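Each chain is listed here by its residues.
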Amino acid sequence: MRRAQQAVAGGEQAWRNGDLHEAERQFTLAVEAVAEKVPTDAEAADLAVQAHIGRGRARLAGGDLRGAKTEFAAVRQLRPGWATGFYLTGCLAAHAGDLRDAEWFFGAAIARDPEHGAAYRQRAFVRATQGRPGVAVDDIAAAGRLEPLDGRDRMVAAGLLLQMREWEAAEAWATSVAPPQPLAAALVGIARHEQGNLDGAFAALEEALASGCRAPGALLHHGMVGYRLGRYSAAVTSWRLLCDRHPGQRRYAALLATAYRARACDQLARGELDGAAADLAAATPRDPVLPRLREQAAARAVAAGDLDGAVARLDHFGDLRAAHVRAIAEFTGGARARAAARWRNILSESPGDQRARFGVAICALLNGGSVDAELHDLAVGDAHPTRRLALRAMALLAVRRADWPAAADLLAGSGGDGLADLLAECRYRAGTPTTAWQVADALRGGRIDAADDAVAAALHAGSARLRRELALRLRLGALRSAQDRRWQQAADLLATARIADDSSDVPVLLASLIGGLGGKRSEAICQIQAASRQAPADMRLCHVLALMTLHALGTDRRADTDVRRMCVGAWASILNTPSHWNGVRRRAQRRYGCGLGGAHIAAAQAKLRDLVEERLVAAGDATTGTLLRREHTAAQLLGDLGGLPLDGAADVRLTCGPVRIAELGLHRKLSSFLSEQVDNAENDAEAVVAAIRGFSQVGFVDVHLAAGRPEEAVRAALDLRCPHCADGSPGDEPAQCAPDCPDFDAYNPAFAAMDGKYEELLYCGGERAVDGLLELAKTRITAAEPDLAVATRSWRQAVELGDRFDIPKVVGRVTATVLGRVAALSRGSRWAEAVDLLNVAFELVPETAVEEREQVQVRLSSLLTTRGIDVYNADQSQIELASADLHRAIELSPHQIRPRQNLGRILRNSALDRRRKGDVAGALEDLEQSIEQFEQALVVRPGHRPLVDELDLAHHSLDSLLGALAEEFRKRA
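Here's what I pulled together on the structure shown here. All figures in this text were calculated on a predicted structure; none of them were measured in a lab. (Residues numbered from 1 in each chain as written. Predicted model: local features only at pLDDT ≥ 70, side-chain atom pairs only at ≥ 80, totals over all residues. Heavy atoms only, no water.)

## Here we look at the overall build of the chain
For the chain, the helix and strand inventory stands at 51 helices and 2 strands. Relative to the globule expectation of 30 Å for 973 residues, the C-alpha radius of gyration of the chain, 53 Å, shows a markedly less compact shape. Principal-axis analysis of the C-alpha atoms places the extent of the chain at approximately 160 × 130 × 45 Å. Here the chain, with 973 residues, has 46% of them falling under the buried criterion. Expressed as a percentage of contacts within the chain between residues at least 6 apart in sequence, the contacts between residues at least 24 apart total 51%. Accessible surface, the chain: about 48500 Å² in total, of which carbon and sulfur atoms supply 50%. Separation between the mean location of the 119 positive side-chain charges and that of the 126 negative ones in the chain comes to 6 Å. (Helix = DSSP H or I, 4+ residues; strand = E, 2+ residues; numbered from the N terminus. Rg over C-alpha atoms; globule rule 2.2 N^0.38 Å. Buried < 20%, exposed > 50% of the residue type's maximum accessible area, 1.4 Å probe, protein only. Contact = heavy atoms within 4.5 Å. Areas by Shrake-Rupley, 256 points an atom, 1.4 Å probe, with all protein chains shown as cover. Lys, Arg positive; Asp, Glu negative; His and termini not counted. Charge placed at Lys NZ, Arg CZ, Asp CG, Glu CD.)

## Some points on a negative patch on the surface
Together, Asp732, Glu800, Asp803 and Asp806 line one region of the surface with negative charge. Counting through the fold element by element, Glu800 comes out in helix H44 (residues 788–805). For Glu800, a relative accessible area of 48% gives the class partly exposed. (Patch = residues over 30% accessible without salt bridge, like charges linked within 9 Å, V, L, I, M, F, W, Y side chains within 5 Å. Salt bridge = Lys/Arg side-chain N within 4 Å of Asp/Glu carboxyl O.)

## Some words on the pattern of salt bridges
Taken as a whole and judged by the stated rule, the model has 34 salt bridges. Across the pair Glu663 and Arg660 runs a salt bridge, and its minimum N-O distance is 3.9 Å. Taken together, the residues span about one helical turn, with Glu663 and Arg660 both in helix H37 (residues 658–664) at a distance of 3 residues. Two residues, Arg908 and Glu950, come together in a salt bridge whose shortest N-O distance is 2.8 Å. Of this pair, Arg908 sits in helix H49 (residues 898–917) while Glu950 sits in helix H51 (residues 945–972), and the two are 42 residues apart along the sequence. Accessibility assignment for this pair places Arg908 and Glu950 in one class, buried.

## Regarding helix H9 (residues 151–163)
Along an α-helix, a turn takes 3.6 residues, which lines up residues three or four apart on a common side. Taking 1.5 Å as the rise per residue, H9 with 13 residues should run 18 Å; its terminal C-alpha atoms sit 18 Å apart, in good agreement. Here H9 has its buried residues at Gly151, Asp153, Met155, Ala157, Ala158, Gly159, Leu160, Leu161 and Leu162. Buried residues belonging to H9 abut helix H7 (117–129), helix H8 (133–146), helix H10 (167–175) and helix H11 (182–195). Positive phi shows up at Arg165, right after H9, with a value of about 65°. (Expected span 1.5 Å × (residues − 1).)

## Looking at helix H46 (residues 831–844)
Between its terminal C-alpha atoms H46 stretches 20 Å, which fits the 20 Å expected from 14 residues at 1.5 Å a residue. Counting buried positions along H46 yields 10 of 14 residues, so the element is predominantly enclosed. Burial in H46 covers these residues: Trp831, Ala834, Val835, Leu837, Leu838, Asn839, Val840, Ala841, Phe842 and Leu844. The inward-facing, buried residues of H46 contact helix H43 (757–781), H44, helix H45 (810–827), helix H47 (850–874) and helix H48 (879–892).

## A look at empty space enclosed by the protein
Scanning the model with the defined rule gives 2 cavities of 30 Å³ or more in all. The space that makes up the largest cavity amounts to roughly 50 Å³. Surrounding the largest cavity, Ala491, Leu494, Arg498, Ala511, Ser512, Gly515, Lys520, Glu523, Ala524 and Gln527 form its lining. Tallied by class, the residues present in the lining of the largest cavity amount to 4 nonpolar, 3 polar and 3 charged. (1 Å grid on protein atoms, 1.4 Å probe; cavity = no way out; pocket = protein on both sides within 12 Å on 5 of 7 lines; lining within 4 Å. Points joined across faces, edges and corners; volume = space filled by probe spheres on them. Nonpolar A, V, L, I, M, F, W, Y, C, P; charged D, E, K, R; others polar.)

## Topic: unusual backbone geometry
Between Ala178 and the following residue, Pro179, the backbone shows a cis peptide bond with an omega angle of -5°. Note on placement: Pro179 falls in the loop between H10 and H11. With a phi close to 65°, Arg165 is a non-glycine residue in the positive phi region. Locating Arg165 in the fold gives a position in the loop between H9 and H10. Phi at Asp806 takes a positive value of approximately 55°, unusual for a residue other than glycine.

In structure tokens form, the structure reads like this:
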């Protein structure tokens, strides 16, 4: 038995190694080893079955079908109740093409083992091959209930269901294939196509083809779906592949020709003549429409100036028609001499060719020749296409001479088709206007009341020249009205002119002035604003914008938003642009004959700034004044850096604040400029950092701090959000815009081009929040009525923000402020306030800040000592309060001798007082503590003479007290 087991194992190993001969030999040894024991030994019979199965597989793989059949029959004979022998015999029969026997054996296997999934699956393939899709699908479904099906099984089921025209079921089976496979996608597409879901079918078939599927059915259906959807290129591609793979199939060739023709029609409808001709040639090479298509394509190429393309398209022809098109192509390309020569050649073959005569005449005309007689002869002949061309040529010559009546008559005689607008204009200029040109004639005559009719005519005339003429007449009327100071009428006429034709206009400064004075201030502001964006450094435009927006404040709701910000941005730029004030100096010198010094200019700027701020606050709210100061400060900082250089003008620099920068769309340019200034060693680093803050929401913090409003500064530092993102009150840390905020750059232009701009702004806000909180605390502790609670909260929040943003020296600044205030309070002997302040600082300063904590600790110890001494000196009955201060002073600074020395003195004096009162025990206790304090002080400072004297005095007092007690005891005894 062991030898048989070893032989079976050897055979399996040889099978796995692909050594069929060795495998068969080992399995044969196993069969022979157990042959005698098989009838009586079940284990031997099982080994024999394994060996027969192994030898059968080896023979089948080697092509010995008969030998394999014998082995599998032996398996059936040894184990007739097992399904294995019948299943293997079925596989062998299917391999040999004996489908009927294969089906029977698979059925026999299933009868012996109803849960044999592989038998169901193989029988399904056999039945599918027999053309019995229904029972085949049933077998696959049965196999799927027993064990997981692979993608091949599901695709077979889907294909069988397609044969049965069960489209929905087929789609479901094909969709369930996992992972997705190209053939499965093709099956899904075919099923959807049959169900009428063309878009879904096309998507699935596209996916199949893109994944490499080239099955005939996939190509066929992809083309059919594409054709039905009007995607003829897809149909052409798929059916061309189909024809390439099956070159003898006429059916596929007919489909491809149909797709080519459909795509040709589609291209023809879109005017793609070349593509249409190519597709039509591919479908029907001798189609009679082809020459005409190519001729039209050539004519279009001529019109586009593609002479070579036109000639290439005409290579198919050799008649006079082709020669004419060649001549036109050369004429259009500027080769007039060659074109004239070609037309003369045509005339030599066909002397009566009117088109050739006209071509020669036009060439001569353009060369400066006189061809009036020739054109007249062509124009008076019989009706033919060239007659109309000749009349129009004569009309154009009359237009050149400004002979408008003659031009109108000639154009009218030519039929006017295609030149109706030119004919109408000629009649207008000849004094006999018709249609919409009558309105232009009325305006020319000074009838301004026709303006509304002019707009209606311009909008419906469809003629650019008429619109331009109407706009010209309206603008001239507007200028005349402006000369007479009829501003509203002038503004109305200019607005109407812009509606008629906005391609040209009066100078923007004049137009905006007329609009502003004529009651159209909003439109004028928009107009001047657009012009200012185009020329940011033009201070004339900026000045007009500033004046108009200032006068617009409070006139409507719009002034509460956009106009107010525009006004702030424009005036800040005006106030800080040197070139503007240099112009003021020059005009003053020219007009008044006197020069203006820097003091005069500074005074004028200050008064102007105050005036603008008053108007802004009156029209809006107090925050507008803050906005102006922030804008003004930022503009000053940018001016100190030389201004923002503009593209295309290295010597022109812009000086303004963040609102105007946002209005001009220069966020990123300003941000890049400021980043460069940080790295410029010639600049003051603090000034550059201040400019970066100024051109952001943090700039408001600087304005509030400069104005002595620390509380408002803190609020501004903790709320860096734009109005779009502001939702609710901020917390104890700076709040800023959402990462996808569209207005972030507009409100923080200095950070627009920075990497990590949100984090940078947050850090900057945190820094200034700390500054504001420290300033707020300082104002609260130095106020006439100090508010230590607010100061404490401010310091604590400042320290927390310092830790949060890793801001250096926050604790040091708190300590310096406290110590400075304590010094001032100490000079006024306000010990209680000073001690309270130091207690707060002692709680706030962390133990990690060793130096600052020691400073506070030493100072607090010293003040407690001083207060204790003062309390005792003022009222010796308050010895407990004094002692408490001195004890705490010693606890805070055990290395200081002053609190110990004074505590020792107070205790000694207390002992003397208690002795006088008869409290001997209390006196002894006080003296012992006094001696202890002096001794501890001497440990800190050994040999210090005053301390030694104090200690001796305390000992003397103790000795005296003890001696008195001894004497008293002797007397009693």
